[in-house]
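The residues making up each chain are set out below.
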Amino acid sequence: MTTIESIAQQKKQISGRVVDEAGMPITGANIVEVGTTNGTVTDLDGNFTLSVADDALLRISYIGYLTQDVNTAGKTHVDVVLREDTQALGELVVIGYGSMARKDVTSSITTVRAEKMNVGAYSDPAQLLQGKVPGLVITQSSDPNASPSITLRGASTIRSGAAQEPYYVIDGVPGMSLALVAPDDIESIDVLRDATATAIYGSKAANGVIIINTKKGRSGHTAINYSGYVASDEILKNWDVMDGDQLRRYATQNNITLINDLGANTDWQKEVQRTGLSHNHNVSINGGSEQVSYNSSINYMERKGVIEGTEMDRLIGRAYVESKAMNNRLTLSFNVNTSVTNRRSVPFATQGQSVLDAMCYYSPLVPVKNEDGTWYENIGISQNYNPVALIRENMYDTENKQIQGNVKASLDILKGLKYNMTLAYQNEQFIYSNYNTTKSLVAVGMNGKADRSTISNKKKMIECYFNYDRTFNDSHKLGLMAGYSWEESNDNDGFKLTTYDFYNDDLTYYNLAMGNKVDINGLGLGDGSYMLSTLRMISVYGRANYSFNSKYILQATIRRDGSSAFGKNNRWGTFPSASVAWRLSEEPFIKDLHVFDDLKLRVGYGISGNSLGFDVFTATQVYGATGWFEYVTPLGETEQYHVIGPTRNANPDLKWERTGMFNVGMDFSFFNSRLNGTIELYDKRTKDLIADYQVSTTRYPYNWLTANVGEISNKGIEFNLNAIPVQTGRFSWETSLNLSHNKNRVERLSNDTYSVDYFDRANLDAAGFSTATVQRVMEGYPIGQFYTWEWAGYKEGVSHFYVYGEGSLKDLYGDEFASKVTRQADGRYTDNLTGDVVTTAKPLYDDRTATGSAQPKLALGWDNTLNFGKWTMTAFFQGVFGNKIMNGTRAYLSNYASVGNGKNVLASMFEDNLATDYNSHAPSDRYLERGDYLRLSTLTLGYNFGVINPYIKGLRLYVTCNNLFTITGYKGIDPEINLGGLEPGVDNRQTYPRTRTFLLGVNVNF
């Protein structure tokens, strides 16, 4: 008993605080009693408590800082100041198949740590980066089921979809799905911005590479963490359409007969909207010893959108374990990630069949339901759908299941020589389930319609590579890497079935056999969605780095890819890069200035490719179902048989799109790194653009051919500045500003074999102008170039437009127009008699002209963090400037004829439009508006309670408001319009209302 008591007396409670050299607390520092596994971590305020032996030696470590041992004999409290380890800090930069000290980096790479990422009710990791990285333009939607659009240093292709997205690498595994990563599990994100950084990923890296690093276990202790939040969304702005009284007054003033005035005054936007509620919960367990570390987590998120019927929920589970063996020469790790995502949506189709559209155009003069309880519907009005009925009578559900596993092995063979191997497998399945009830106008006359489809995608990958890193004579640092990769993807393996004519709606889509009829046109034939595509790619790659005293640095990479996606004559591509850096701050003539902490000049050129968005059929001759014909059997019975015909031509010469980028960068740091930043200049040119060209069916089986023809360029400048303007004992202010400018230009669309003058894009489907597109892809202009009629004002109460084409001149002046008008330098014409500029109320196709661009001239992100004691406040601003938006929704809701046709219009019609103007909604530059905006995107206030008791080792509460205010002149409901794809900057009746989010969150460490 005496022995037990003496041992107990030798134990004591030690407390302490760990800070950096600037006095700022270090969160998550490891505190370990040397010689034991007893340990803990510092809380969010840098504090810790631990029960230790009376003479214990504490080892305190944190990544990026020098490890420090502290003797606690005779002490119950210690204050520890950790010093930066510049070598360890540099090793945090991930460069693809390895890492490198930041001072030795020769490429353009931006690292965003978890604590600097955006805060909000986000479901996609890309949302965490909006405004954080120069040159990375991200636009978001408040729709819980939408994905953000992402463009890095301008569009490099005239293909859409995945072809315009960056390439994602998760924990060193390329091409994995973002749906497997919860934002709470992310440690950091590295964005590889120039081709010297991305070329090592070869044919998939033309749009940049985003490397996501998730949290791992740490040795010395087991930690349990919970983080969660609840949030509510409220709509920032609705369309100001007329209410019932205004519509009646407008009709009376302008002698318009209302065909459906039932005495109601319905606010359809309020009828379909609600407060959106969200909640997110993440529990993680991590820890380990010197030999084994582990991390596992589970995340659940649920988001309900502000439009009824739009919602999602997602469950993510991940488990990671790493173990060392063979005297620490072998490291093995196993990682499994799974997710199940359920999404529910409502009709968002065109031709008025969208809730977002109908809630604005549907007449306020009619009720939601008739007196007998049925939905009010008027099928006599074209493209007219009750928005509440659209929600209640149509179901659009999607279930997405994913699992991904990988095994990594790393073996130290010789001093400096390491062999690495990764095996990865991913399986994802999408189940689409839709039902239109017997009361739905979406499937009118079908008496209930159900369709279900499924698609399965599988991916297998093997990567093996060697790393050799040695330093000779303390000054010559050499790094070599060589590797091999094999990948196989089996995508779009699925089927679809559609049945209709149900007895009732009780089963919805759960038993398709209860439908009495099968829709033979609803089998998914001919749309390419259910055609198994097996693609294989093999690659060899290598990199060489050399650094002399970290002053003169060289890097060269090369990758050779072979893919079955391309023509048999061009299945291999080579993607090299080379870059140099000169750390001027290591030169005596710079050191003697005593100005710079660091000054580095970087220059590089590299080539990368774009094979994203392809399937095995892209360059292959394909035959498929193109229709039906009636076949009379020998018994005289008539049956429906498929017509089989060509749906794609073969092109054995189809090859990679190749992007070459020249980059010059300058990194600088002053005042003990309290002021630092980068300046980048780049010239990015993409050749062999892939597009579909019309060809003669006398030469080819099909009238379109996919070929390499075009060229596109992006030139830009980027600036990033980080500063700590104020730093005192209890108060500090950190700020970061990034600015980027990019000039996009289509250089060529034709060659000697395939020719096209332009591609028309973005049809607003305006009444009476159904073929009038508002954008054009053409040589000499950027993607997103608006090409519209030019509004000339009113003449005799009707909108007129400037004449640019000879067709309108013939209509106005006859065949002898040439002697009656004179063409001006700007392309317009003047009347020789009156001197007036020629206009018309009936513009033709060739009267359109270039009227503006959707490409922003400047993108901005400005982050501020203020710390006062245990309080922290962050304010993040972001915006774009110099871009135009086509406000197609405002145009549609400005059609005075809609009032007489039983629909609604904007309340501004009283002042902004003439009731005699039958061209009031024509798609012209009248509705082309400036898209500039500056938004306080995030404002967060948090309080760190520190250690609460021996069980709760850290507690932080915070409140966040997203989209607090926006400064803009745009007349639509929100200026943050999609800037990706081939039709950027078009706001046309499908914009989900922007929301302001209020969020309450907590982080607890146990």
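The rules behind each value
Residues numbered from 1 in each chain as written. Predicted model: local features only at pLDDT ≥ 70, side-chain atom pairs only at ≥ 80, totals over all residues. Heavy atoms only, no water. Helix = DSSP H or I, 4+ residues; strand = E, 2+ residues; numbered from the N terminus. Rg over C-alpha atoms; globule rule 2.2 N^0.38 Å. Contact = heavy atoms within 4.5 Å. Areas by Shrake-Rupley, 256 points an atom, 1.4 Å probe, with all protein chains shown as cover. Lys, Arg positive; Asp, Glu negative; His and termini not counted. Charge placed at Lys NZ, Arg CZ, Asp CG, Glu CD. Buried < 20%, exposed > 50% of the residue type's maximum accessible area, 1.4 Å probe, protein only. Pairing = 2+ DSSP bridges. Arc of directions from axis to C-beta. Phe/Tyr/Trp six-rings, centres within 6.5 Å; stacked < 30°, edge-to-face > 60°. Lys NZ or Arg CZ within 6 Å of the ring centre and 35° of its normal. Polar contact = N/O pair within 3.5 Å; in protein donor to acceptor, adjacent residues only side chain to side chain. Patch = residues over 30% accessible without salt bridge, like charges linked within 9 Å, V, L, I, M, F, W, Y side chains within 5 Å. Salt bridge = Lys/Arg side-chain N within 4 Å of Asp/Glu carboxyl O. pLDDT = per-residue confidence, 0-100.

Let us now look at the overall build of the protein. Helix and strand content of the protein: 12 helices and 53 strands. For 1006 residues, the compact-globule formula gives about 30 Å, and the C-alpha radius of gyration of the protein, at 32 Å, lands near that figure. Counting only C-alpha atoms, the protein reaches 105 × 75 × 65 Å along its principal axes. Contacts in the protein between residues at least 24 apart in sequence constitute 69% of all its contacts with a sequence separation of at least 6. Accessible area for the protein stands at about 43,200 Å²; split by element, carbon and sulfur atoms hold 54% of it. With 94 positive and 108 negative side-chain charges, the protein shows a separation of 5 Å between the mean positions of the two kinds.

Moving on: the pairing of strand β12 (residues 149–152). Consecutive residues of a regular strand have side chains that alternate between opposite faces of the sheet. The alternating pattern of β12 places Ser149 and Thr151 on one face and Ile150 and Leu152 on the opposite face, and all of these are buried. As paired strands, strand β11 (residues 136–139) and β12 are joined by four bridges and run antiparallel to one another. By the bridge assignment, Leu136 is partnered in β12 with Leu152.

Before going further, it helps to spend a moment on helix α4 (residues 244–253). Taken residue by residue, α4 has Gly244, Leu247, Tyr250 and Ala251 as its buried positions. Buried positions in α4, seen along its axis, are confined to an arc of 130° and lie on one side of it. In this structure, the buried side of α4 is in contact with α11 (897–900) and α12 (909–912).

Take the packing of aromatic side chains next. A ring pair, where both rings are aromatic, is described by two values, the distance of the centres and the angle of the planes. According to the stated counting rule, one finds 30 aromatic pairs in the structure shown. Between the aromatic rings of Tyr435 and Phe502, the centroid separation amounts to 5.8 Å while the plane-to-plane angle is 80°, which identifies the pairing as edge-to-face. Of this pair, Tyr435 sits in strand β23 (residues 417–436) while Phe502 is found in the loop between β25 (476–500) and β26 (517–518), placing the two residues 67 residues apart along the sequence. A residue is classified by how much of its surface remains accessible, and Phe502, at 4% relative accessible area, is buried. Arranged with centres 4.7 Å apart and planes meeting at 45°, the rings of Tyr509 and Tyr510 form a pair that is tilted. According to the relative accessible area criterion, Tyr509 is buried, its value standing at 5%. Since its relative accessible area comes to 58%, Tyr510 is described here as exposed. Taken together through their ring pairs, the aromatic side chains of Tyr97, Tyr167, Tyr201, Tyr465 and Tyr541 make up a single cluster. Lys903 extends its terminal NZ or CZ atom over the ring of Tyr361, reaching a point 4.8 Å from the ring centre. A cation sits over an aromatic face here: Arg926 above Trp791, 4.3 Å from the ring centre.

The next subject is the side chain of Asn280. Residue position: Asn280 is located in strand β18 (residues 276–288). Asn280 sits in the buried class, given a relative accessible area of 3%. A distance of 3.3 Å separates a polar atom in the side chain of Asn280 from a polar atom in the side chain of Asn299. If we skip the residues at most four places from it in the chain, Asn280 touches Asp184, Tyr226, Ser227, Gly228, Tyr229, Asn299, Tyr300 and Met301.

Our next topic: the sheet that holds strand β10 (residues 109–113). Taken together, five strands build an open sheet; the order of strands is β10-β15-β16-β13-β14 and the sheet is mixed. The two strands at the open ends of the sheet, each matched to only one other strand, are β10 and β14 (173–174). In the sheet, strand β13 (residues 167–170) pairs with strand β16 (residues 209–214) via four bridges, with the strands oriented parallel. Note that in β16 the partner of Tyr168 across the bridge is Ile210.

Now for the sheet that holds strand β40 (residues 791–795). Sheet architecture is open: three strands sit in the order β40-β41-β44, paired in antiparallel fashion. Each having just a single partner strand, β40 and β44 (839–840) make up the two edges of the open sheet. Examined bridge by bridge, β40 and strand β41 (residues 798–802) share four bridges and lie antiparallel to one another. Each residue of the ladder has a partner; that of Gly793, found in β41, is His800.

For the rest of this paragraph, the subject is the environment of Arg83. Mapping Arg83 onto the fold places it in the loop between β7 (77–81) and α2 (86–90). Overall, the relative accessible area of 52% leaves Arg83 in the exposed class. For Arg83 and Leu128, which are 45 residues apart along the polypeptide, the C-alpha to C-alpha distance reads 30 Å.

A grouping of Ile224, Val283, Ile285, Ile298, Leu315, Val340 and Phe1006 is seen on the molecular surface, where their side chains present a nonpolar patch of about 510 Å² in accessible area. By the secondary structure assignment, Phe1006 is in the segment after β53 (995–1005).

We now examine the environment of Gln727. Relative to the elements of secondary structure, Gln727 occurs in strand β35 (residues 704–727). A residue is classified by how much of its surface remains accessible, and Gln727, at 24% relative accessible area, is partly exposed. As a C-alpha pair, Gln727 and Met24 span 703 residues in sequence and 9.3 Å in three-dimensional space.

Enumeration according to the criterion identifies 43 salt bridges in this entry. Among the salt bridges present, the one from Arg344 reaches Asp397, with a minimum N-O distance of 2.7 Å. Of the two residues, Arg344 is situated in strand β21 (residues 330–345) and Asp397 in strand β22 (residues 394–414); the sequence distance between them amounts to 53 residues. In this structure Arg344 comes out as partly exposed when scored by relative accessible area, which is 35%. Here Glu488 ties to Lys460 by a salt bridge, and the two come within 3.4 Å at their closest N and O atoms. A residue pair is termed long-range when its members are at least 10 positions apart, and Glu488 in strand β25 and Lys460 in strand β24 (residues 449–472) qualify at 28 residues. Each member of the salt-bridge network shares a partner with another, and the members are Arg274, Glu302, Lys304 and Glu311.

So, about the side chain of Arg935. With respect to the element layout, Arg935 can be found in strand β50 (residues 933–944). We classify Arg935 as buried; its relative accessible area is 0%. Engagement of the side chain of Arg935 in a polar contact is seen with the side chain of Asp974, the distance being 2.3 Å. Excluding its chain neighbours within four sequence positions, the residues that come into contact with Arg935 are Phe876, Phe877, Gln878, Asn963, Phe965, Thr966, Asp974, Pro975, Glu976 and Arg994.

Attention now goes to unusual backbone geometry. Its identity is not glycine, yet Gln383 carries a phi of approximately 50°, on the positive side. Counting through the fold element by element, Gln383 comes out in the loop between α6 (355–361) and α7 (387–392). Taking the relative accessible area as the measure of exposure, Gln383 reaches 27% and is therefore partly exposed. The backbone of Asn963 shows a phi angle near 60°, a positive value even though the residue is not glycine. Its place among the elements puts Asn963 in strand β51 (residues 954–968). Using a relative accessible area of 10% as the deciding quantity, one classes Asn963 as buried.

Glancing now at the environment of Tyr62. As for its placement among the helices and strands, Tyr62 is situated in the loop between β5 (57–61) and β6 (68–71). By relative accessible area, which is 23% here, Tyr62 ends up partly exposed. Placed 34 residues apart in sequence, Tyr62 and Gly28 show a C-alpha to C-alpha distance of 7.4 Å. Contacts of Tyr62, omitting those with residues within four sequence positions, involve Ile26, Thr27, Gly28, Ala29, Leu82 and Arg218.

For the rest of this paragraph, the subject is the confidence of the model for the protein. Counting all residues, the mean pLDDT for the protein is 92, and 97% of those residues have values of 70 or more. Every residue in residues 1–9 is under pLDDT 50, and counting partners more than four places away or in other chains gives zero contacts. Scored below 50 in pLDDT, residues 86–91 shows nine contacts in the model against residues more than four places distant or in partner chains.

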